[in-house]
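# Observations on the model geometry
Spelled out, the chains give:
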Amino acid sequence: MSVQSSPAQATEAYDVIVVGAGFAGMYMLHRLRGLGFSARVYEQGGGVGGTWYWNRYPGARCDVESMQYSYSFSEELQQEWDWSERYAPQPEILQYANHVADRFDLRRDIQFDTRVERAMFDERTATWSVTIAGGKTVDARFVVLATGCLSNARKPDIKGLENFKGPVYHTGNWPHEPVDFTGLRVGLIGTGSSGIQSAPIIAGQARHLTVFQRTANFSIPARNGALTDEERNAFRKKYPEIRRFAREVARNGIYAEQPDRGALDDSEEERRAKFRARWDRGGLTFMYVYNNLGLERAANDTAADFVRGKIAEIVKDPETAKLLQPNSHPIGTKRICIDTDYFATFNRPNVSLVDIKADPIEEITANAVRVAGRDHEVDALVMATGFDAMTGSVAKIDIRGRGGRTLNRKWAEGPKTYLGLMSAGFPNLFIITGPGSPSVLSNMIVSIEQHVDWIADCLVHMREQGLATMEADTEAEEKWVAHVNEVASGTLYPQASSWYMGANIPGKPRIFMPYIGGVGVYRRICDDVAAKGYEGFVMGWAEVPQAAAS
Ligand code: N01
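Calculation notes
Residues numbered from 1 in each chain as written. Predicted model: local features only at pLDDT ≥ 70, side-chain atom pairs only at ≥ 80, totals over all residues. Heavy atoms only, no water. Phe/Tyr/Trp six-rings, centres within 6.5 Å; stacked < 30°, edge-to-face > 60°. Helix = DSSP H or I, 4+ residues; strand = E, 2+ residues; numbered from the N terminus. Buried < 20%, exposed > 50% of the residue type's maximum accessible area, 1.4 Å probe, protein only. Lys NZ or Arg CZ within 6 Å of the ring centre and 35° of its normal. Pairing = 2+ DSSP bridges. Axes fitted to C-alpha atoms, helices over the stretch in contact; angles between N-to-C directions. Core = buried A, V, L, I, M, F, W, Y, C linked by side-chain atoms within 4.5 Å. Domains from an automatic or database assignment. Contact = heavy atoms within 4.5 Å. Salt bridge = Lys/Arg side-chain N within 4 Å of Asp/Glu carboxyl O. Polar contact = N/O pair within 3.5 Å; in protein donor to acceptor, adjacent residues only side chain to side chain. Near = heavy atom within 4 Å. Areas by Shrake-Rupley, 256 points an atom, 1.4 Å probe, with all protein chains shown as cover. Nonpolar A, V, L, I, M, F, W, Y, C, P; charged D, E, K, R; others polar.

Quick look at the packing of aromatic side chains now. In this structure the tally under the stated criterion is 37 aromatic pairs. A centroid spacing of 5.9 Å and a plane angle of 75° characterise the contact between Trp52 and Tyr69, whose relative ring orientation is edge-to-face. Of this pair, Trp52 sits in helix α2 (residues 51–54) while Tyr69 sits in the loop between α2 and α3 (75–80), and the two are 17 residues apart along the sequence. Both residues of the pair, Trp52 and Tyr69, belong to the buried class. Ring geometry for Tyr53 against Trp54: centres 4.9 Å apart, planes inclined by 85°, an arrangement best described as edge-to-face. On the basis of relative accessible area, Tyr53 is assigned to the buried category, the value being 11%. Looking at Arg463, its charged tip hangs above the ring of Phe37, at a distance of 4.3 Å from the centre.

In structure tokens:
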């Protein structure tokens, strides 16, 4: 038996339906095609690129260096594409996504502007019936959710927001036309990565920028700059080593020196020198100066104190500097931000900071944000308030597995998966970089490629063995969920009210969602599971005769 299209009575049928045409969906399609599977990708947006299609806010960039935040599956692609800067701006990443779509002729199997509304598993035929916007139903043996972890933008429920007369933008769903803030008073709510990246650019344009800060955040300078030909070529020459290291050794899928000691193993002077060197170099690897910054509070405090000290050096007004110094969580336990001139922006005469921790926003009126009885007048509002992360986009699809049980009901107390790849009771449904995998704690493209390759190998295995269904075993899933929680609880991460924990969404269960064991360790676990005949997964044979191959 082979993995093939559903019976003829279905109007349209594929071996695999992929939901989403971001970096995960595009690579999945490329692999499926290469292996001879028929596949259809449905994408809600009008183009490829996923998160980079939607997040067009001013200053949007990747916080992983471009030479590493790129596909490794094609040697030609990685040799031919020229990244212009150390951290590529959003338009360039989107251009890259479009280049990949063209280069590998992906568009002919992608249907844009098409939301997937529902997916129902028919146990009798071992087929998924997928309903797309407009009501059309398409069948597939397998469904792959490549829906992204940060793709469900969340506008908070703030009293009076509907009364605001000016435009309200969300960084995660930015208009495709240019937005010009010249001459306007702009209110920015939210100081995560999106707020921190956009504030300096908006401040450079607007008459006045008021930043409403609930939680002060740690941010490290990006030290962005143009890449020279020499730098690009040096990187390209080293790609085999860089990619191997990112996949197999690095915890976060990023090639960088690995720490060999803890923060308290050095004298204060040595520590400061090392932190200073990383601060001056810039970028995410600041947290990898030492090997215990995410594990021990005393070690973490040394890095947090260093950054707080830097904020005090940069920001001239002591009151503002104090407000900007994060004190509510250990450094790195909320996603660390990478910025260009964020803290210095508060030295500008046209920028003010309003603390909404002590005094939350009371109300938004027609032309102001009211805090502690005072109206801060604004002409436009920018919500940099984040996402219903990791589960939000999956939850928007009505997914029904065995016995008609919905995935939303199963995940009501928090997402449960085996390896972040499948959830028991939902056969033949794969998730790329799902909860329970390293995912958002890693260079996403490294994790995407690993998942796609694993799923592709798995489908080939099923085809070769004549298997019709595969699903996570409940016991294996319980053990994996317990393992994910156990590893997280050995770190400082659960101490922060972060979106990793679901804490940014009122009512969402607080569970540390990504797997923190490291990209290399996780890859070995997945490979080992496959080598043992997909241990922890239950395989099934077809119960009905298969139709002719498509
Ligand atoms: O969202 P966030 P983001 N009233 O959730 C505040 C990736 N990313 O879009 O912390 C007032 O981090 C909220 O306050 P608090 C990256 O992984 C990457 O910035 O909950 N404030 C917080 O300050 C990142 O981590 C890149 O107290 C409210 C902010 O809004 C992830 O996306 C760039 C509020 C939300 O911060 C998400 O980043 C951008 C309310 N009701 C994003 N609700 C790069 O590659 C929320 N907030 C560089």
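Another aspect to go through is the sheet that holds strand β15 (residues 374–377). Pairing is antiparallel in the open sheet, where three strands are placed in the order β13-β14-β15. The two strands at the open ends of the sheet, each matched to only one other strand, are β13 (361–364) and β15. Between one strand axis and the next, the sheet turns by 25° as a mean value, whatever way the strands run. Sheet topology places β13 next to strand β14 (residues 368–371); three bridges connect them, and they run antiparallel. Residue pairing for β14: Glu363 is matched across the bridge by Arg370.

Right, let's get into the nonpolar core. Formed by 132 residues in total, the largest nonpolar core has its most connected members in Phe23, Phe181, Phe286, Phe430, Trp454 and Phe537. In terms of residues, this core owes the most to one element, helix α14 (residues 444–465), which gives eleven residues. In this structure, this core is formed jointly by two domains, domain 1 (12–152 + 389–541) and domain 2 (161–228 + 253–383), each of which donates at least three residues. For Phe537, the residues in contact, after removing those within four places along its chain, are Tyr418, Leu419, Met422, Trp454, Met470, Glu471, Ala472, Asp473 and Val529. Grouped together as the second largest cluster of nonpolar side chains are 23 residues, Ala126, Val130, Trp411 and Leu429 included.

Splitting the chain by domain gives domain 1 (12–152 + 389–541) and domain 2 (161–228 + 253–383). Put simply, the middle of domain 1 and the middle of domain 2, counted by C-alpha atoms, are 29 Å apart. Applying the counting rule to domain 1 against domain 2 returns one salt bridge. Note that Asp63 and Arg335 form a salt bridge whose closest N and O atoms lie 2.8 Å from each other. If you look at where domain 1 meets domain 2, you find 20 residue pairs in polar contact (both at pLDDT 80 or more).

The strand order β7-β16-β8-β9-β12 describes an open sheet built from five strands, whose pairing is parallel. What marks the edges here is a single partner per strand, and that holds for β7 (168–170) and β12 (351–355). Taken pair by pair, the neighbouring strands of this sheet meet at an average axis angle of 20°, ignoring direction. In terms of strand pairing, strand β8 (residues 185–189) meets strand β16 (residues 380–383) through four bridges, oriented parallel. Residue pairing in the sheet places Ile189 in a bridge with Met383 of β16. In the packing of helix α5 (residues 193–205) onto the sheet, contacts are made with β8, β9 (208–213), β12 and β16, and the angle to β8 comes to roughly 170°.

Another aspect to go through is the pattern of salt bridges. Within the structure shown, the criterion is met by 36 salt bridges. In this structure, Arg236 engages Asp82 in a salt bridge whose closest nitrogen and oxygen atoms are separated by 2.6 Å. You can see Arg236 sitting in helix α6 (residues 229–237) and its partner Asp82 sitting in the loop between α3 and α4 (90–103), a full 154 residues away along the chain. Of the residues examined, Arg236 reaches a relative accessible area of 9% and is grouped as buried. For Asp82, a relative accessible area of 45% puts it in the partly exposed group. Here Glu257 makes a salt bridge to Arg278, at a shortest N to O gap of 3.9 Å. Of this pair, Glu257 sits in the loop between α7 (239–248) and α8 (268–281) while Arg278 is found in helix α8, placing the two residues 21 residues apart along the sequence. By relative accessible area, which is 40% here, Glu257 ends up partly exposed.

Next up on the list: the environment of Tyr255. Mapped onto the elements of the fold, Tyr255 is located in the loop between α7 and α8. Sequence separation of Tyr255 and Tyr57 is 198 residues, and the distance between their C-alpha atoms is 28 Å. When neighbours within four sequence positions are excluded, Tyr255 is seen to be in contact with Gln68, Lys238, Glu241, Ile242 and Phe245. Separated by 3.1 Å, the side chains of Tyr255 and Lys238 make a polar contact.

Our focus in this paragraph is the site of the ligand. Near the ligand you find 24 residues, and of these Ser194, Gln197, Arg214, Thr215 and Lys334 are the closest. A distance of 3.0 Å is found between an oxygen atom of the ligand and a side-chain nitrogen or oxygen belonging to Trp499. Taken by itself the ligand offers 910 Å² of open surface, and the protein chains cover 89% of this. In terms of residue count, the dominant contributor to the shell around the ligand is α5 (three residues). Split into classes, the residues belonging to the shell around the ligand amount to nine nonpolar, nine polar and six charged. For the shell around the ligand, the two domains that each supply at least three residues are domain 1 (12–152 + 389–541) and domain 2 (161–228 + 253–383).

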